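If you want the building blocks of each chain, they are given just below.
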Amino acid sequence: MNTFLKYHLIALSFIALVTSAFGQEQKIIRPGEIWPDDQGKHVQAHGGGIILINKTYYWYGEERSKGLDTAYRYVSCYSSTDLVNWKFRGDVVKMSDPENLGSKWVLERPKVFHNKKTGKYVMYFHLDNKSYKVARVGIAVSDKPDGQFTYVKSFRPLGHESRDIGQFIDDDGTAYLVFEDRPFGFRIAKLSEDYMNVEKEMSLIKAHMEGGAIVHYNGLYYSIGSALTGWKANPNKYATAPSLEGPWTEFKDIAPPGTNTYGSQSTMLIKVAGTKSTTVIFMADIWKPSTQWDSRYIWMPLEIGEGKLWVPEPKPWSLNVETGEWKYVQGGNTINK
Ligand code: GAL
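Residues numbered from 1 in each chain as written. Predicted model: local features only at pLDDT ≥ 70, side-chain atom pairs only at ≥ 80, totals over all residues. Heavy atoms only, no water.

## Quick notes on the site of the ligand
Note the following rule: By convention in these notes, a residue is near a molecule or strand provided one of its non-hydrogen atoms lies within 4 Å of it. For this analysis, a polar contact is any N or O atom pair within 3.5 Å, provided that within protein one partner can donate a hydrogen and the other can accept it, and provided that sequence-adjacent residues contribute only side-chain to side-chain pairs. Where accessible areas are quoted, they stem from the Shrake-Rupley method and a 1.4 Å probe; at the residue level, only the protein chains shown are allowed to cover. We call Asp, Glu, Lys and Arg charged. Ala, Val, Leu, Ile, Met, Phe, Trp, Tyr, Cys and Pro are nonpolar, and the rest, Gly among them, are polar.
Every residue lining the ligand is accounted for by Glu108, Arg109, Tyr132, Asp164, Glu210, Gly230, Trp231 and Gln265. Separating an oxygen atom of the ligand from a side-chain N or O atom of glutamate 108 is a distance of 2.6 Å. Within the side chain of glutamate 210, one N or O atom sits 2.2 Å away from an oxygen atom of the ligand. Protein burial of the ligand: of its 310 Å² of free accessible surface, 89% is covered by the chains. Within the shell around the ligand, the residues separate by chemical class into two nonpolar, two polar and four charged.

## Here we look at the pattern of salt bridges
Put simply, the rule is: Any Lys or Arg side-chain nitrogen located within 4 Å of an Asp or Glu carboxyl oxygen qualifies as a salt bridge. Burial here depends on accessible area, computed with a 1.4 Å probe over protein chains only, as a share of the maximum for the residue type. Under 20% is buried, over 50% is exposed, and the range in between is partly exposed.
According to the stated counting rule, one finds 16 salt bridges in the structure shown. Salt-bridge contacts for glutamate 180 lead to arginine 182; the nearest nitrogen and oxygen are separated by 2.7 Å. Look at glutamate 180 and you get buried, because its relative accessible area is 1%. Looking at arginine 182, the relative accessible area reads 33%, which means it is partly exposed. In this structure, lysine 190 engages glutamate 199 in a salt bridge whose closest nitrogen and oxygen atoms are separated by 3.6 Å.

## Here's the deal with the sheet that holds strand E16 (residues 252-253)
Using the following cut-off: Here, any two strands with at least 2 DSSP bridges between them count as paired. The way it works is that DSSP assigns letters per residue, a run of H or I at least four long becomes a helix, a run of E at least two long becomes a strand, and they are numbered from the N terminus.
Spatial strand order, E13-E14-E15-E16: four strands in an open sheet with antiparallel pairing. Looking along the sheet, the strands with just one partner apiece sit at the ends: strand E13 (210-217) and E16. Relative to strand E14 (residues 220-226), E13 is paired through six bridges, and the arrangement is antiparallel. Bridged to alanine 213 within E14 is isoleucine 224.

## Some words on the packing of aromatic side chains
Quick note on the threshold: Any Phe, Tyr or Trp ring, taking Trp's six-membered ring, that has another such ring centre within 6.5 Å forms a pair; planes under 30 degrees apart are called stacked, those over 60 apart edge-to-face, and the others tilted. Only when the NZ of Lys or the CZ of Arg is both within 6 Å of the ring centre and within 35 degrees of the ring normal is a charge said to sit over the ring.
A complete count under the given rule lists 20 aromatic pairs for this structure. Aromatic pair tyrosine 60 and phenylalanine 149: ring centres 6.2 Å apart, planes at 85 degrees, arrangement edge-to-face. Here tyrosine 60, found in strand E2 (residues 56-62), pairs with phenylalanine 149, found in the loop between strand E7 (136-142) and strand E8 (150-155); they are 89 residues apart in sequence, far enough to count as distant. For the pair formed by tyrosine 60 and phenylalanine 149, the shared burial category is buried. Members of the aromatic cluster, each reached through a chain of ring pairs, are Trp35, Trp59, Tyr78, Trp86, Phe88, Tyr297 and Trp299. Lying across the ring of tyrosine 72, lysine 94 places its NZ or CZ 4.4 Å from the centre.

## Regarding the nonpolar core
Where we set the bar: In plain words, nonpolar cores are sets of buried Ala, Val, Leu, Ile, Met, Phe, Trp, Tyr and Cys residues tied together by side-chain atoms within 4.5 Å. Residue contacts are defined here by distance: any two heavy atoms, one from each residue, within 4.5 Å place the two residues in contact.
Counting 43 residues, the largest nonpolar core has Ile50, Trp59, Leu83, Trp86, Trp299 and Trp317 as the members making the most contacts within it. Contributing elements (two or more residues each) for this core: E2, E13, E14, strand E17 (265-273), strand E18 (278-286), strand E19 (296-301), strand E22 (317-320) and strand E23 (325-330). With six residues, the top contributor of residues to this core is E18. Not counting chain neighbours up to four residues away, the residues in contact with tryptophan 317 comprise Lys27, Ile28, Ile29, Pro31, Ile281, Trp299, Met300, Pro301, Trp326, Lys327, Tyr328 and Val329. By size, the runner-up hydrophobic cluster in this structure holds 19 residues, among which are Ile51, Val75, Val92 and Val93.

Now the structure itself:
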């Protein structure tokens, strides 16, 4: 090969690499793989939560990029109109230890609620010390979805221990916090009118579950969660109830138990109600405790209905947020379910 041709080929492959990493629209959700944001960097929104504001989705989560200042805890914010292409909106929280919790203090599983009456964005998160003995929620508030969020206070919801938290917004807009109360179980509680407090218990499900999430689908409530095995994956389970107050069924597997939920842990259920179909997405974390910046996500559309819930084997898929329809994709082409 002559030198001229060689340099041209090198230049061309460099351009191809750069354009594939930046700014190019993605169409496919690839469970378990690196998920590039608009800057080509892997999305850092672990243990996250998603809200929809005027056709824009906001994804908040634990920012665990390599090389962050270990004195702070960071929460990232991304936005998207299609749930596939995510624009990095910045770290909306950069917080130093707010309650004298000591080194290795913990801020995990941030969840943001938008209060229509006050106009405020209210972030809840799990606040703890390194041995996870404090077991409180923290609250930070912002006037905008993309921050900055200012720390307000911490407390134990309704006086109970609270470690992993989840958020649930019902079809009528009512906001609930799901929290893991180690001595007793899985609690679901309604937020106060301004969202600055946890006001009313709806249910105590006497099962030791974390990574809690809920969806309201075709008249039934489905709650999911994982067992208490820290960063290690386990078989996640679900229960159903006709109302948030119960009665809740026994918990059943959401995936073949031998796969430990395909190596992931639940964090949220997202309902996409489109013009033709409603798809519920299982949103989970594949944790990599010693290389947390490389922790991945499993997002899969659920098989759900009539009291049954199942996460199909993770494979690339695409979603149309307008119609609510989804399809498996292979090699860039769409194939039937
Ligand atoms: C998990 C929990 C994570 C994190 C981890 C620490 O069970 O879901 O959010 O707290 O334990 O070991």
